[in-house]
Amino acid sequence: MTKTETKNNEYIKYRGIFLNRNSKSIFSDLNLDIFKNEKLLISGKSGTGKTTLFKLLLGFEQPDKGCVLCFGKPICKENIPQIRQQIFYLSQDIDLKNTGTSQLLDEILAANNIEQQGAYKLNDLLSFLELDSSILNQEIKELSGGERQRIGLLICFLLDRPIWLLDEPTSALDDVMKQKIADYILDQDKTIIIVSHDEVWKNDKRLTTKRMG
Amino acid sequence: MGAQDLTIFHLLSLSVFLLPVIFINRRLNLHINRTLIKSIIRMCLQLGFVGLYLEFLFKFNSPVLNIAYLLIMICIACQSILKSSRLKFRSLFFPVFFSLLIPFTIILFFFNAAVIKIDNLFEAKYLIPIGGMLLGNCLRSIIIGLSNFYCGIQKDEKVYLYSLSLFGNRSAALKPYFKESFIASITPTIASMATIGLVSLPGMMTGQILGGSIPIVAIKYQIAIMLSIFYTEYFSTILSILFSLRTGFNDLDVLNQDIFISKK
């Protein structure tokens, strides 16, 4: 990917995006540049298209007009597998398929060819996230909201991809854990976009902020 | 020695039992009498027509006619599969057609050439009834396979998309849906092979025995046909899912909602 990094370290570009859904305009000529290692907080009311920004970048939605570029490459059939492998997305509801937690982690690590590195980091990350290792024997559907969120973050840290898209990453955590996670995330050399209403992200100088709507 | 012929009167005598059925349905307010009678009439008419054109096909025994008839059967099967799976005919006819045609042709001709070793591979007496049995059974398994696969992803779309982002490729994200729908589609035939003879005597075997075959011959045919049905189901269900992926998903691997027949 390094060869394709654009000048000025612009990792992600939204160019002239128009998007209508159910006769409602979500974006009208949206332009946004996100730079390498930038930490961007997106705030705004519900329905202003915050999550849709992530979906456009992942190719889950396509704009009516305009284009999205990642590492200088447009989101299209040829580029999308490579682009997705560079992005970690934490969805708001942590839509993990229901299976054993351990099995799910194994499958994700195997699909990303990082079984060894992942296994090596797993115990440290579990203890950092204050998760008991017995959670690995539980089914995803048995986990509480906070546990699911931390399993989502665990996968994020294990995969260690260069771009993180985090949709309400701390909504189900207690205040102490929120601060701990926010500090950890903001200290990473990654390009990170956060959608959140949590106070913990506000007024943090490590973040730039964009208000939607 | 063939089976004793049935007169229309004797056949109609079975409707004696229909009267209490209709009566009970009425008393229980089941509202199924109209559907039941319509189905019985359709069965009689359809089988009556089949009888007529099978006589015609057997009389001419022309390879071209026989093949044409099988192709028409496959087309009707495709239409029925897609309608039952709530998928659009226009979008998925060709994937389903070829997923049926390829295993069906290979297994049917293998059956005729290597198992029962008939000289004329296009002999209507074998080609049509055996082809019909294979197709009829595939119908059910492809319906279960395709509808479970696509409806499962449609119902679970957020989870599928999330898996796509985590695994980074479509095949890995689709694997659990494929596995689940494929197992559901072939399980009935596997279960029926395990219980055949214990809790059921299959129609083909019964028909052969009534037609004058000795039981051991009927049993050998039954085993051969059960295995052939299973293989055809197995491969056609896999292929139907694989061949449909191109239309079922857009260029960015997102489920194409246009393939579904909209609910009214």
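Residues numbered from 1 in each chain as written. Chains lettered and ligands numbered in written order. Predicted model: local features only at pLDDT ≥ 70, side-chain atom pairs only at ≥ 80, totals over all residues. Heavy atoms only, no water.

1. Quick look at the interface of chain B and chain A
- With 15 residues of chain B at the interface, the matching set in chain A holds 28 residues.
- Counting each side, the surface lost to burial between chain B and chain A is near 1,900 Å², with a carbon and sulfur contribution of 62%.
- Taken together, chain B and chain A are joined by two salt bridges. (Contact = heavy atoms within 4.5 Å. Buried area = accessible area lost by both parts, 1.4 Å probe. Salt bridge = Lys/Arg side-chain N within 4 Å of Asp/Glu carboxyl O.)

2. Looking at the sheet that holds strand E9 (residues 208-211) of chain A
All names here are of chain A.
- Pairing in this open sheet of five strands is parallel, and the strands run E6-E7-E8-E3-E9 from one edge to the other. With partners counted over all chains shown, the strands left at the sheet margins are strand E6 (87-90) and E9, one partner each. Averaged over neighbouring strand pairs, the angle between their axes works out to 15° when direction is ignored.
- Bridge analysis of E6 against strand E7 (residues 163-167) gives four bridges, and the strand direction is parallel. For tyrosine 89, the partnering residue across the bridge sits in E7 and is leucine 165.
- Contacting E6 and E7, helix H5 (residues 145-159) runs over the sheet at an angle of about 175° to E6. (Pairing = 2+ DSSP bridges. Helix = DSSP H or I, 4+ residues; strand = E, 2+ residues; numbered from the N terminus. Axes fitted to C-alpha atoms, helices over the stretch in contact; angles between N-to-C directions.)

3. Quick word on the domain arrangement of chain B
Residue and element names in this part refer to chain B.
- Per the domain assignment, the segments making up chain B are domain 1 (1-59) and domain 2 (61-259).
- Here domain 1 and domain 2 have C-alpha centroids that lie 27 Å from each other.
- The partner domain 2 presents 11 residues to the nine residues of domain 1 that form the contact.
- Approximately 750 Å² of surface area, both sides summed, lies buried where domain 1 meets domain 2, with 69% of it carried by carbon and sulfur atoms.
- Counting the contacts that link domain 1 with domain 2 gives zero salt bridges.
- Put simply, domain 1 and domain 2 have one residue pair in polar contact (both at pLDDT 80 or more) between them.
- A breakdown of the residues in the side of domain 1 that touches domain 2 according to their chemical character gives seven nonpolar, one polar and one charged. (Domains from an automatic or database assignment. Polar contact = N/O pair within 3.5 Å; in protein donor to acceptor, adjacent residues only side chain to side chain. Nonpolar A, V, L, I, M, F, W, Y, C, P; charged D, E, K, R; others polar.)

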